[in-house]
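This is what each chain is made of:
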Amino acid sequence: MSGLDTSSPLPKYHQLKEILRGMIEREDLQRGEIIPPERELCEEYGISRMTARQAIVELVNEGILYREQGRGTFVAGEKVKQEAERLASFTEDMAGRGHETTSSVLDAESVEAGPVVARLLGIEETEKVVRIRRVRHADGEPMALETSHLLHEVAEGLLRLDLSSRSIYDELRTGGLSIAWAEQSYEATVINELEAEHLGISTGSPALLIERVTHDDRDLAFEYVKSTYRGDRYRITTTLRP
Ligand code: GLP
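Treat the numbers as computed from the prediction; the structure is a model and nothing was measured.

Chemist: Which parts of the structure should I look at to understand the overall build of the chain?
Modeler: Helix and strand counts for the chain stand at 8 helices and 10 strands. Residues classed as buried in the chain amount to 42% of the 242 residues present. Pairs at least 24 residues apart make up 58% of the contacts formed inside the chain by residues separated by at least 6 positions. Accessible area for the chain stands at about 13,500 Å²; split by element, carbon and sulfur atoms hold 46% of it. If you average the places of the 30 positive and of the 44 negative side-chain charges in the chain, the two averages end up 3 Å apart.

Chemist: Help me understand the sheet that holds strand β5 (residues 128-138) in this model?
Modeler: Whenever strands of a sheet pair, they do so through backbone hydrogen bonds, lying parallel or antiparallel. Reading across from one edge, β4-β5-β6-β9-β8-β7 is the order of the 6 strands in this open sheet, with antiparallel pairing throughout. Each edge of the open sheet is held by one strand with a lone partner, namely β4 (101-112) and β7 (179-190). On average, each strand axis in the sheet is inclined to that of its neighbour by 15°, with strand direction left out of account. Where β5 meets strand β6 (residues 141-151), 10 bridges bridge the pair, whose relative direction is antiparallel. Residue pairing for β6: valine 129 is matched across the bridge by leucine 151. Where helix α5 (residues 114-121) meets the sheet, its contacts fall on β4, β5, β6, β8 (206-216) and β9 (221-230), and the angle it forms with β9 comes to roughly 120°.

Chemist: In this structure, what is going on with helix α2 (residues 38-45)? I would like to understand it.
Modeler: In an α-helix, one full turn covers 3.6 residues, which means residues spaced three or four apart are oriented alike. Within α2 the residues assigned to the buried category are Glu38, Leu41, Cys42 and Tyr45. The arc that holds every buried residue of α2, seen down its axis, measures 100°, which confines them to one face. Check the buried side of α2 and you find it contacts α1 (12-25), α3 (49-61) and β1 (65-68). Just past α2, the residue glycine 46 takes up positive phi, approximately 60°.

Chemist: What's the story with the domain arrangement of the chain in this structure? I'm lost.
Modeler: When the parts of a complex come together, some accessible area is lost, and that lost area is often used as the size of the interface. For the chain, the domain assignment lists domain 1 (12-75) and domain 2 (80-237). For domain 1 and domain 2, the distance between their C-alpha centres works out to 35 Å.

Chemist: How should the nonpolar core be read in this particular structure?
Modeler: Nonpolar side chains tend to gather and get buried jointly when the protein is soluble and globular. Residues Leu121, Leu150, Leu158 and Leu172 are the most contacted members of the largest nonpolar core, which totals 23 residues. Put simply, the parts of the chain that give this core at least two residues each are α5, β5, β6, α7 (168-174) and β9. Apart from the residues lying within four places of it in its own chain, the contact partners of leucine 150 are Val129, Val130, Ile132, Ala155, Leu158, Leu172, Phe222 and Glu223.

Chemist: Would you take a moment to explain the environment of glycine 122 for this structure?
Modeler: Tracing the backbone through its elements, the reader meets glycine 122 in the loop between α5 and β5. Look at glycine 122 and you get exposed, because its relative accessible area is 64%. For the pair glycine 122 and leucine 151, spaced 29 residues apart in the sequence, the C-alpha separation amounts to 10.0 Å.

Cut-off values and rules
Residues numbered from 1 in each chain as written. Predicted model: local features only at pLDDT ≥ 70, side-chain atom pairs only at ≥ 80, totals over all residues. Heavy atoms only, no water. Helix = DSSP H or I, 4+ residues; strand = E, 2+ residues; numbered from the N terminus. Buried < 20%, exposed > 50% of the residue type's maximum accessible area, 1.4 Å probe, protein only. Contact = heavy atoms within 4.5 Å. Areas by Shrake-Rupley, 256 points an atom, 1.4 Å probe, with all protein chains shown as cover. Lys, Arg positive; Asp, Glu negative; His and termini not counted. Charge placed at Lys NZ, Arg CZ, Asp CG, Glu CD. Pairing = 2+ DSSP bridges. Axes fitted to C-alpha atoms, helices over the stretch in contact; angles between N-to-C directions. Arc of directions from axis to C-beta. Domains from an automatic or database assignment. Core = buried A, V, L, I, M, F, W, Y, C linked by side-chain atoms within 4.5 Å.

See the structure below:
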């Protein structure tokens, strides 16, 4: 390990963060490995407990480290990447990255569209839609909380299926729907209490809010989905060309 640079204008906690980050990049500290305890870092780098803690807290908030109560702080796995250009289902997206999808279905029912969903799907507010709320897991780990609103005539059959191990897109395609294009938005958000409970992270953690309105090949909007993805597990990549 190299020491801290006392002549540097960078605060000590920041320097320690960069040292730890470097160790992870070089794989001196590997995924899932426990990092040295605060006490050891203090001795090694001649810093205070507070400085070591601040560096660790920030790396935890960035999703690079994670804490386990009573056990210590560990190096997190790589973030799951989502390519922004492809119209993929969660299941396809995860499969492409070698992860298996499962879902916990919180509820699946017919509800009145209401003003927001009605406007987005181009229907009357009092019309029924199928609303499905699922916690999406990748390899058993909660990744996102997803609320889908689907046109009743398209998705009614989903209410009779066990959706915990099925893809909605696969089922809709099997039913003859041709999923063609979607408009999607991304926004920074923080986890609320309900999401915290289902995603296994604390309230106020950073998250990514993704909203999608999906159309079929006749340009009919058939779904509006709001998904909250864990900020510590997701990264979106795009390819930009001039
Ligand atoms: C993604 C999209 C949602 C879509 C879902 C379908 O998560 N953001 O808009 O409804 O995939 O996923 P699946 O087919 O795995 O149920």
